[in-house]
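Coordinates in review
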Amino acid sequence: MSATHPGYYIPHDTRWPIMGSIGLFALLGGFAMLLNGSSSAPVVMIIGTLILVVMIIGWFGTVIKESESGFYNDQVDISFRHGMIWFIFSEVLFFAAFFGALFYARIYSVPWLGGEGSVGATTGPLLWPGFEGIWPTNGPAEIGGAFGTIPAVGIPLLNTIILITSGATVTLAHWALKKNQRKPLCWWLLATVLLGLVFLYFQGVEFAHAYNDLNLTLESGIYGSTFFMLTGFHGLHVTIGAIMLLVMLLRAMRGHFTPERHFAFEAAAWYWHFVDVVWIGLFIFVYWF
Amino acid sequence: MSANQAHAHAADSIAEHDHHGPPPGLLRWVFTTNHKDIGTLYLWFALIMFFVGGALALGIRAELFKPGLQLLDPHLFNQFTTMHALIMIFGAVMPAFVGFANWLVPMMIGAPDMALPRMNNWSFWILPFAFTLLLATFFMPGGAPAGGWTMYPPLVLQGGSNVAFLIFAVHMMGISSIMGAINVIVTILNMRAPGMTLLRMPLFVWSWLITAFLLIAAMPVLAGAVTMLLTDKFFGTSFFNAAGGGDPVMFQHIFWFFGHPEVYIMILPAFGIISQIIPTFSRKPLFGYESMVYATASIAFISFIVWAHHMFTVGMPLTGELFFMYTTMLIAVPTGVKVFNWMATMWRGSMTFETPMLWAIAFVVLFTIGGFSGLMLAITPVDFQYHDTYFVVAHFHYVLVTGAVFAIIAGAYYWLPKWTGHNYDETLGKWHFWLSTISVNVLFFPQHFLGLAGMPRRIPDYALQFADWNMVSSVGAFVFGFSQLLFVYIVVQTIRGGKKATDQVWEGAEGLEWTLASPAPYHTFEQPPSIKEDSAHPGTPLPAH
Amino acid sequence: MMKGIVSSAFAGRSAGAIGAAFALLSCRDAFAAWSDLNLPVGVTPLSRIVYDLHMLILWICVVIGIVVFGIMFISILRHRKSLGAKAAQFHHSTFAEIAWTAIPVVILVAMAIPSTQTLIEMEDTSRADMTVKVTGYQWKWKYEFIEDDLTIHSSLAPSSREAIYEDPSRVENYLLEVDNPIVFPTGKKVRLLLTADDVIHAWWVPAFGQKKDAIPGYINEIWVQVDEPGVYRGQCAELCGRDHGFMPIVVEAMPPEEYEAWVADRKAAQAEQKALAEREWEKPELMALGKDIHLTSCAACHQADGTGIEGAFPSIRASEIATGELRAHIDVVMQGRVGTAMRSFASQLDDVELAAVLTYQRNALGNATGDIVQPAMVSAVRDQMRRIEEGG
Ligand code: HEA
Ligand code: HEA
Ligand code: CUA
Ligand SMILES: [Cu+2]
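All values reported here derive from a predicted model rather than from experimental measurement.

Cut-offs applied
- Residues numbered from 1 in each chain as written.
- Chains lettered and ligands numbered in written order.
- Predicted model: local features only at pLDDT ≥ 70, side-chain atom pairs only at ≥ 80, totals over all residues.
- Heavy atoms only, no water.
- Axes fitted to C-alpha atoms, helices over the stretch in contact; angles between N-to-C directions.
- Helix = DSSP H or I, 4+ residues; strand = E, 2+ residues; numbered from the N terminus.
- Parallel < 35°, antiparallel > 145°, perpendicular 65-115°, else oblique.
- Left-handed = near helix turned anticlockwise from the far one by under 90°.
- Contact = heavy atoms within 4.5 Å.
- Buried area = accessible area lost by both parts, 1.4 Å probe.
- Salt bridge = Lys/Arg side-chain N within 4 Å of Asp/Glu carboxyl O.
- Polar contact = N/O pair within 3.5 Å; in protein donor to acceptor, adjacent residues only side chain to side chain.
- Buried < 20%, exposed > 50% of the residue type's maximum accessible area, 1.4 Å probe, protein only.
- Near = heavy atom within 4 Å.
- Nonpolar A, V, L, I, M, F, W, Y, C, P; charged D, E, K, R; others polar.
- Patch = residues over 30% accessible without salt bridge, like charges linked within 9 Å, V, L, I, M, F, W, Y side chains within 5 Å.
- Areas by Shrake-Rupley, 256 points an atom, 1.4 Å probe, with all protein chains shown as cover.
- Donors = N, O, S within 2.8 Å, 3.2 Å for Na, K, Ca; no water.
- Expected span 1.5 Å × (residues − 1).
- Core = buried A, V, L, I, M, F, W, Y, C linked by side-chain atoms within 4.5 Å.
- Domains from an automatic or database assignment.
- Pairing = 2+ DSSP bridges.

**Concerning the packing of helix H10 (residues 326–335) of chain C against helix H11 (residues 351–363) of chain C**
Residue and element names in this part refer to chain C. Direction vectors running N to C along H10 and H11 enclose 125°, while the axes themselves pass 11 Å from each other. Judged by the inter-axis angle, H10 sits oblique to H11. Of the two elements, H10 crosses H11, and the hand of that crossing is right-handed. Counting all contacts with H10, which are made through Leu326, His329, Ile330, Val333 and Met334, the residues of H11 involved are Leu354, Leu358, Gln361 and Arg362.

Okay, structure coming up:
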């Protein structure tokens, strides 16, 4: 179905962005108030969140309506595609900051504190005598106390398999969509969402285990910091991805998408693959080595 | 011009709208998706922020006018320095360039608007809220952030209530920048009129394409860095705490991985503007169009592997220091290519010196001076002496004020007739130029001497041997600052009336935007023009019909 | 050189307040000596090499600048429309473009070679004659002469501090004077180990040609070999909070024999100080000393009158801690409060000084508890702290 709408569709007047700004303002401003111990902060945050939710639903709703009414020609479709690709690229760089912190700590700061290298030669023996500088560590002051780590073989491996499988199921859903087979499309999508939820469930179990049994917390020095920031932000992205796929499932059930035009579906799938790839990085560098 | 004709398909759209002009009322500005409206919003926002940041700078210069403390408590002084920089960078210079991109990129490549107009609105409207968060800290107990715009821990974490607000404000600015950059990239890659090949695009468009890439790669890293600050302060992590196995210097690495590309984010669009102006007033094609493109791309690439030149004194291993020294020096080569190309464009031209050209020439000279001091800073063993002195302050104000800001002003004069339909007052424009150019050198040149003689930066008070030049510098600052009021006057005057501008405005101006009416109609290029290029004028595409 | 110009530059200044023109005129002595506008040559082997390197690059840049700006100004003067210039239409030249890529590369390589050599030399801290560990605090420096087992605390001299809000022009070495200068022997390679206790500071004496950050939890090394006796001044060079601008460094370079004498002298004084800690102190003595300590160590945050800065630094006046239970007061000051700017002063102040400042805060600044804190009490707490540390 090529363009039913000649020319590039330019919406006129939109109220969603300003709502988004106000919502973001209230949410983040409220969070800052919360961190400063203000008692009215939760209310502000809730209001902000509600505004944001309404905004997201409204904004995407409008876009879906426009899309289904055939307003978007191929060029608009390409704009969306490029937009999504660059958005994912920015997300990659966001994770890169935390991976960078992990690598820096492991390659430089921890060995230095343990007395290695030109920087460590005096730092180690003079300031932190007795500290070995071996990963995993919570630092010379043993912040947070002794802790255990989570072996790669176990939940992490299981979760790796789950996520890779979900990457496959979302691809199967895509193939089904391209062949205009509704039923398999919905089933494969459902499977993907469920795999995502199972992943999150296991992640939750793992976090609970870390906190309750291993004394491994966000406060366990640099190991705990990098571990929970990376896995935590990844988990957040899995959640977002799962919600996106869920919306796609609902839309597919309503008969949205055609074999030729289903950008939203593809965007969600790309996002899911991105989340997948980040996980593999996590599995290798956080759990395995 | 026929590009602004209404089209038959208006009835297809969901929203009721008028193809001829903007809807009336103030809410127009809040709800607009029009790239010209949004460009205007960005530019006004930037101008206001320039004055807020400038007022803080004048506070700094007033305190430094003579030795002893007269006006600002040292803690407040540090807040001024920090907020001055944050506001100038994220509130003035970056939004100004995004404003230019919004106005010009669609007109230059023959697109009907930006690719993602709703998101375009959002990119802008996040900014006022982000700066509300940031500026509100001035009124909180403990005051505004005072740890420098570089936000180094552990110092920044000693801030009171402001820390969380600072971090979330930075997050919001980041979201805004990323969305703005995505829009620019997608517009350029997807919205070009038929025949507008990449190597026919005006240089301004090229520099923004590359800048947008830098933004998308750099801003998320900053977001990550400040997020780690947040968790270190409030959630017990140890990223920047040696006792827990972290390292305060790690923050600096992550910050500057963003921070250095950031400074090129602030100069590449400036290069783009200058590359439009110089050919126009030389009446001669831009020299070395393709090498300009490659040079810009090389600068962008190298900018990701030089970051630690801001941290030569942190005690990196020798190999690291050498690596970053060499890569930093290398940037002089592509930047030199640009300077030489501008020089060659002027050579044997037929030059006139209207206000935009004056600013552009001043840009080339003064930016190059700033580049030279940058190169001196790149030499690690000597940077040990220069680092954290006023020599650095002089360097970056030459590249930022006489670089980025001068280019913004040059561009504003250059396109003002196209935007407003009126010619500005040339005499006043020249007054503005000469007042600014002389005073800005009185302001910043002596800071080289201060730095070399040993005056550290970020100090509210100084030893007596630095008194003379500080006084000179402060006098320059006030003259420069107040000269900018003249600019506001000229802009307002031009908007409200004046001689009607022709479509081409400047005799030597070439490119699509000059084929449109002045002022440019609310909607342009709804039917894409088809493009050919005059082979004698690279980078100045024209409609084929 | 920097230190010489202070007085002369100052004499010629007074008229400068009126405006740019006057200010420029009054700088005539600054114009008189080019060296005042430039990097100091310095007094160490390294600083001289660095100076030469600086001049080399500076001149290269000046020459390139003259060529580039010269060509531009020739076109501006000659190729103007008003003179009837017709625009040429050339828009590239492969030869020129290759040339102006290649030539800068060659120039840069020529700069990189001596720079690399210098850097390697600067980073070589081996074979040092003596070692000094330098610790930065908000806002003072601690120097530990490792071999000589001598510790010195050095902060902004009261003469400067008192003048900040008054008339600095009468103070000699305004903001560049400390209460306890340190001494380096001339001709000896001194290795400095730099670290910090709270935030990042940077140790810099321009005449030595070295600057390095002092980072909490890490140690950086530099070396200094002063050839000429004299007094050399510098400042903290990394933003470290409110009093970053008031954290000077003063190093006197003396021949080795005099250095030895200085060490012996300081150690004797410290032994005397120690003896003082054992005796009972009178209240007026404590109050007088306490006032000094409060001004040099605490006033930057809590202010000279003890009222603090709202939202950032609590008031000592009528503070629950400073008027309540003594032990809590001692603990805050000796152990600090983790995660705030209030850090432990146990390692920065000795028992007498701590006792004095505590007594002062409890009986001045609007407080009147009547408590007298004796050095012996502080010493007891110190022992206790040490035992806990060893036990834990
Ligand atoms: C627009 C912003 C901008 C730009 C374009 C630049 C450009 C450059 N900067 Fe600058 N810089 C800043 C903004 C910018 N900088 C800021 C804000 C800071 C301080 C941040 C802070 O600490 O707060 C800083 C600090 C800074 C430092 C750290 C100093 C310190 O803290 O100790 C260094 C060190 O290497 C440096 C180097 C350079 C170099 C080599 C260039 C080069 O790109 C310059 C290249 C240009 C030329 C060299 C001139 C033209 C070339 C020729 C004519 C060719 C022939 C020339 C030769 C062969 C010599 N800069
Ligand atoms: C784009 C960026 C940018 C711009 C445009 C400027 C512009 C100026 N800067 Fe800024 N500056 C920085 C970026 C910038 N600066 C950065 C990054 C730092 C480092 C911060 C840090 O260390 O963390 C810095 C630091 C800095 C310092 C060092 C402070 C210190 O180390 O303690 C100084 C001191 O002179 C200074 C001065 C000025 C002046 C006088 C201007 C002038 O160009 C400003 C021109 C003035 C105006 C435009 C004012 C106009 C206002 C009026 C005329 C009236 C006012 C109205 C009312 C009061 C109602 N700046
Ligand atoms: Cu210590 Cu600045
Ligand atoms: Cu840089």
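**A short note on the interface of chain C and chain B**
Contacts between chain C and chain B engage 105 residues on the former and 101 residues on the latter. Of the roughly 8,900 Å² buried between chain C and chain B, counting both surfaces, carbon and sulfur atoms make up 71%. It is His91, Trp100 and Leu239 of chain C that lose the most area in chain C upon contact with chain B, and together they represent 8% of the buried surface on that side. There are two salt bridges connecting chain C and chain B. Between aspartate 73 of chain B and arginine 242 of chain C there is a salt bridge, with the nearest N and O atoms lying 2.6 Å from each other. At the junction of chain C and chain B, the tally comes to 23 residue pairs in polar contact (both at pLDDT 80 or more). Of all the secondary structure elements, the ones that give two or more residues to the side of chain C that touches chain B are helix H1 (2–11), helix H2 (20–25), helix H3 (28–32), helix H4 (45–78), helix H5 (94–122), strand E7 (210–214) and strand E9 (230–236) of chain C.

**Thoughts on the environment of phenylalanine 384 of chain B**
Along the chain, phenylalanine 384 of chain B turns up in helix H13 (residues 380–386). Exposure remark for phenylalanine 384 of chain B: the relative accessible area of 1% places this residue in the buried category. Taking the C-alpha atoms as reference points, phenylalanine 384 of chain B and glutamine 527 of chain B, 143 residues apart in sequence, are found 58 Å from one another. The contact partners of phenylalanine 384 of chain B, leaving out residues within four places of it in the chain, are Phe312, Thr313 and Glu321 of chain B together with Leu119, Met122, Glu123, Trp204, Gln210, Lys211 and Lys212 of chain C.

**Points about the side chain of lysine 142 of chain C**
Residues and elements named next belong to chain C. Tracing the backbone shows lysine 142 in strand E2 (residues 140–145). Under the relative-accessibility criterion, lysine 142 is labelled buried at 11%. In this structure the side chain of lysine 142 is engaged in a polar contact, spanning 3.2 Å, whose partner is the side chain of tyrosine 137. Those residues within four positions of lysine 142 in sequence are excluded, and the remaining contacts are Lys133, Val134, Thr135, Tyr137, Thr151, Ile152, His153 and Ser347.

**Focus on the site of ligand 1**
Neighbouring ligand 1 are 31 residues, the closest being Tyr264, Asp383, His387, His395 and Arg457 of chain B. Taken together, the residues near ligand 1 originate from chains B and C. The side chain of tyrosine 264 of chain B places a nitrogen or oxygen atom 2.5 Å from an oxygen atom of ligand 1. Within the contact set of ligand 1, an oxygen atom lies 2.6 Å away from a side-chain nitrogen or oxygen of aspartate 383 of chain B. Those elements giving two or more residues to the shell around ligand 1 turn out to be helix H7 (248–265), helix H11 (332–346), helix H12 (355–378) and helix H14 (390–420) of chain B.

**Regarding the interface of chain A and chain C**
Listed by partner, the interface residues are nine residues for chain A and eight residues for chain C. Between chain A and chain C, a total of about 720 Å² is buried, with carbon and sulfur atoms accounting for 67% of that surface. Across the chain A-chain C interface, the total number found is zero salt bridges. Mapped onto the side of chain A that touches chain C, the elements with two or more residues apiece are helix H3 (74–113) and helix H4 (117–127) of chain A. If one sorts the elements of the side of chain A that touches chain C by residue count, H4 of chain A sits on top with five residues. Here the residues of the side of chain A that touches chain C sort into six nonpolar, three polar and no charged.

**Regarding the pattern of salt bridges**
Inspection of the entire model under this criterion finds 24 salt bridges over all chains. Where glutamate 123 of chain C meets lysine 212 of chain C, a salt bridge forms, and the shortest distance between an N and an O atom there is 3.1 Å. With glutamate 123 of chain C in the loop between H5 and strand E1 (130–137) and lysine 212 of chain C in strand E7, this residue pair connects regions lying 89 residues apart in the sequence. Exposure remark for glutamate 123 of chain C: the relative accessible area of 22% places this residue in the partly exposed category. A salt bridge links lysine 133 of chain C to glutamate 144 of chain C; its shortest N-O distance comes to 3.8 Å. Of this pair, lysine 133 of chain C sits in strand E1 while glutamate 144 of chain C sits in strand E2, placing them 11 residues apart in sequence. Taken together, the shared-partner salt bridges in this structure form one network comprising Asp73 of chain B together with Arg161, Arg242 and Asp243 of chain C.

**Topic: a nonpolar patch on the surface**
Residues and elements named next belong to chain A. Together, Phe103, Ile107, Tyr108, Phe285, Trp288 and Phe289 line one region of the surface with nonpolar side chains, adding up to about 640 Å² of accessible area. When residues of the nonpolar patch are traced back to their parent elements, those giving at least two are H3 and helix H8 (263–288). Looking at the nonpolar patch element by element, the count peaks at three residues for H3. Structurally, phenylalanine 289 can be placed in the segment after H8.

**Observations concerning the side chain of asparagine 102 of chain B**
All names here are of chain B. With respect to the helices, strands and loops of the structure, asparagine 102 is situated in helix H3 (residues 74–109). Among the residues examined, asparagine 102 registers a relative accessible area of 1% and is labelled buried. When residues no more than four places from it in sequence are discounted, the contact partners of asparagine 102 are His35, Ile38, Gly39, Tyr42, Met114 and Asn120.

**Overview of the coordination of the iron atom of ligand 1**
Residue and element names in this part refer to chain B. The protein supplies the iron atom of ligand 1 with one donor atom, His395 (NE2), which lies at 2.2 Å. Separating the iron atom of ligand 1 from the copper ion (ligand 4) is a distance of 4.5 Å. Relative to the helices and strands, histidine 395 is located in helix H14.

**Examining helix H8 (residues 268–282) of chain B**
One turn of an α-helix holds 3.6 residues; hence residues three or four places apart share an orientation. Residue and element names in this part refer to chain B. In this model H8 runs 21 Å from its N-terminal to its C-terminal C-alpha over 15 residues, within 8% of the 21 Å that 1.5 Å per residue would give. Where burial is concerned, most of H8 is hidden: 15 out of the 15 residues are buried. Count one or two residues on from H8 and you reach arginine 283, which has phi positive near 55°.

**Observations regarding the nonpolar core**
One finds Phe90, Phe100, Phe131, Met151, Trp342 and Phe363 of chain B to be the most contacted residues of the largest nonpolar core, which totals 342 residues. Here this core gets 23 residues from one element, more than from any other, and that element is H3 of chain B. If you count residues domain by domain, this core takes at least three from each of domain 1 (1–72) and domain 2 (73–288) of chain A. Among all residues touching tryptophan 342 of chain B, those that are not within four sequence positions of it are Phe271, Ile274, Ser275, Ile278, Leu286, Met292, Phe363 and Val364 of chain B.

**Concerning the pairing of strand E6 (residues 201–205) of chain C**
Residue and element names in this part refer to chain C. Where burial is concerned, most of E6 is hidden: five out of the five residues are buried. The alternating pattern of E6 places His201, Trp203 and Val205 and Ala202 and Trp204 on opposite faces, both of which are buried. Across five bridges, E6 lies against E7 in antiparallel orientation. By the bridge assignment for E7, tryptophan 204 is matched with lysine 211. What sits between E6 and E7 in their antiparallel hairpin is a turn of four residues, with glycine 209 showing a positive phi close to 70°. In terms of strand pairing, E6 meets E9 through two bridges, oriented antiparallel. Bridge pairing in E9 links tryptophan 203 to cysteine 236.

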